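# An overview of the molecular structure
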Amino acid sequence: MLARVYSAVCVGLDVVTVTVETDVSPGISFYLVGLPDSSVRESRQRIAVVLSHCGYRIPGRKIIINLAPGDIKKVGTSFDLPMALGILSASGQIRAEDIESFVIMGELALDGSLRPCRGVLPVAMHAVRSGFSRGIFPIASAGEAAEVEGLEVYGASSFKDVLDILSGRDRISFRVERGRMSSCAFNESSCTEYADFSDIVGHAFAKRAVETAVSGGHNILLCGSPGSGKSMLASAVRGILPPLSKEESVECTMIYSVAGEMPAGAGLMTSRPFRAPHHSATRASLIGGGRYPVPGEISLAHNGVLFLDEMPEFRRDVLEALRQPLETRHVQISRSACKTVFPSSFMLVATMNPCPCGYSGDGTGRCMCPASAVSRYFSRISGPMLDRFDMFVRMDSVNAGSFLDTREKPENSSSVLSRVCMVRKVQSERFSAEGIHVNSGMAASALRRYCMPDASASSMLAAAGKRLNLSVRAVSCILKVARTIADMEGSEKVLDVHVAEALSYRVPSV
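Note that the coordinates shown come from a computational prediction; the quantities given were computed from them, not determined experimentally.

### With respect to helix α3 (residues 80-90)
Burial analysis of α3 places eleven of its eleven residues in the buried class, the great majority of the element. G92 sits one or two positions beyond α3 and adopts a positive phi of about 75°.

### Quick look at the packing of aromatic side chains
Inspection of every chain in the model, using the stated rule, returns seven aromatic pairs. Aromatic side chains Y377 and F378 sit 6.0 Å apart centroid to centroid with 55° between the ring planes, which places their arrangement in the tilted category. The class for F378 is partly exposed, based on a relative accessible area of 26%. One Lys or Arg, R430, reaches over the ring of F431 and ends 5.4 Å from the middle of that ring.

### What to know about the side chain of D161
With respect to the helices and strands, the residue D161 is situated in helix α6 (residues 159-167). Buried within the structure, D161 lacks any salt-bridge partner; its nearest side chain of opposite charge belongs to K160, at an N-O separation of 9.0 Å. When sequence neighbours within four positions are dropped, the list of residues in contact with D161 reads A156 and F174.

### Some thoughts on the packing of helix α4 (residues 120-129) against helix α9 (residues 246-259)
For the pair α4 and α9, interaxial distance at closest approach is 7 Å and the crossing angle is 115°. Mapping the contact onto sequence places V120, L121, P122 and M125 in α4 and V250, T253, M254, S257 and V258 in α9. Of the residues in the contact of α4 with α9, the class split is seven nonpolar, two polar and no charged.

### Describing unusual backbone geometry
For the bond from A68 to P69, the omega torsion is 5°, close enough to zero to count as cis. Relative to the helices and strands, P69 is located in the loop between β4 (62-68) and α3. Despite not being glycine, L35 has its phi angle at roughly 60°, a positive value. Its location among the elements puts L35 in the loop between β3 (29-33) and α1 (38-41). For L35, a relative accessible area of 39% translates into the label partly exposed. One non-glycine residue with positive phi stands out, namely E310, at about 55°. With respect to the helices and strands, the residue E310 is situated in the loop between β14 (305-308) and α12 (316-320).

### Remarks on the layout of surface pockets
By volume, the largest pocket is sized at about 770 Å³. Taken together, 29 residues line the largest pocket, and the ones lying closest to its centre are E248, N303, I436, H437 and V438. Contributing elements (two or more residues each) for the lining of the largest pocket: α9 and α17 (413-430). Taken together, the residues that form the lining of the largest pocket break down as eleven nonpolar, twelve polar and six charged.

Definitions and cut-offs
Residues numbered from 1 in each chain as written. Predicted model: local features only at pLDDT ≥ 70, side-chain atom pairs only at ≥ 80, totals over all residues. Heavy atoms only, no water. Buried < 20%, exposed > 50% of the residue type's maximum accessible area, 1.4 Å probe, protein only. Helix = DSSP H or I, 4+ residues; strand = E, 2+ residues; numbered from the N terminus. Phe/Tyr/Trp six-rings, centres within 6.5 Å; stacked < 30°, edge-to-face > 60°. Lys NZ or Arg CZ within 6 Å of the ring centre and 35° of its normal. Lys, Arg positive; Asp, Glu negative; His and termini not counted. Salt bridge = Lys/Arg side-chain N within 4 Å of Asp/Glu carboxyl O. Contact = heavy atoms within 4.5 Å. Axes fitted to C-alpha atoms, helices over the stretch in contact; angles between N-to-C directions. Nonpolar A, V, L, I, M, F, W, Y, C, P; charged D, E, K, R; others polar. 1 Å grid on protein atoms, 1.4 Å probe; cavity = no way out; pocket = protein on both sides within 12 Å on 5 of 7 lines; lining within 4 Å. Points joined across faces, edges and corners; volume = space filled by probe spheres on them.

Printed below as a string of structure tokens:
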């Protein structure tokens, strides 16, 4: 007897429907075909134990399970559940007349419980496009699928729950509605504590620069001596990131789901990601990769922030790998098995010291670094990589008197956030037909439409470009930052005062 159960496999962010065909016929053997990897082949032992605990068995007959299509590698443990159901259905141990209307995923634990699995959100979206009306997922992952319109989502805690759902008994109690998992909504930015703007004393210029950078999504490099507060200010960026739109939320959740970084019970992500890899990170961990590619840090930072603390300490080849994604806002990973494209539209925030010892230019005379050592230190970041930064800010140390002065009442992050949200709204309305969200994403054509300054500002920028030998990319960055500053000031036109401030951020302090 032949039984069909439908599941799916993620190839990057793309999804392919997998038909789990099970045939039980006279004989004694077990065959699993269709390019399964080792994790899929091991499912036989898990299935046997679970069926035994639930009062069923793997029949002592010839069993062939085919995972179609046969030209795509099947990776992961999410095929446990559909394969177990296929065996029971094909051997006549259960009757599930509408099983082919379901897309089914789930890893079986030996006690029969279901563990969460990767890629549930993209699978659920693919299921709707492919004509499926129902889906069964582990309860810990069902919150993602419930956000997809047009799919009846059932969350199961155990294999017995799945059998109850398929039998039609009391299905309503297993139905997961949209928003049911909202109390567990994944808020990546809340995973760790971060500084508030009110915690940072002084640095008015740097704070203004960071607010401008976040408002327009511009890449920013903070340079300063140890203890100047550059890392603290960079971490405060989390508190002024506007919430994700629905479209952005779905994009981010898909990436985190495929990467296996969604916590149990989570629905859609609600806040922008803030990724801060250690400087020992490898190229594959940052860009993404593996035999079967998974998203790296730059994709996990999509629609959010990638923070590189002490940037020169990262390996040169790792930093150089960022250049192309910063331009194209996606990364293509090619392997012999497949080619995968992951989105990587992120804001880059980085910090560095002004020299190897860190005290150059702080006015104390403590720096004893020879010129050759300083040159080697700066050479760790290439010129083309530095050119990808829209803004450079030098941060000097705040004296102890200013730090202990309690009369100063710095502005808190919530006040800054309200302004950032207003500026982002202006940009969203401006680019509603452009397919971009922030000023930093403007192409050359949009730059000419929205950022061309008046005659006075153009003359100022031309003179600065000649004096500083600015590249075309640098001039474009200055115009984008000036457009953001104009938006912050409520100006429809880019004036000379906006260009002047943008130039003050552009001149490298490194």
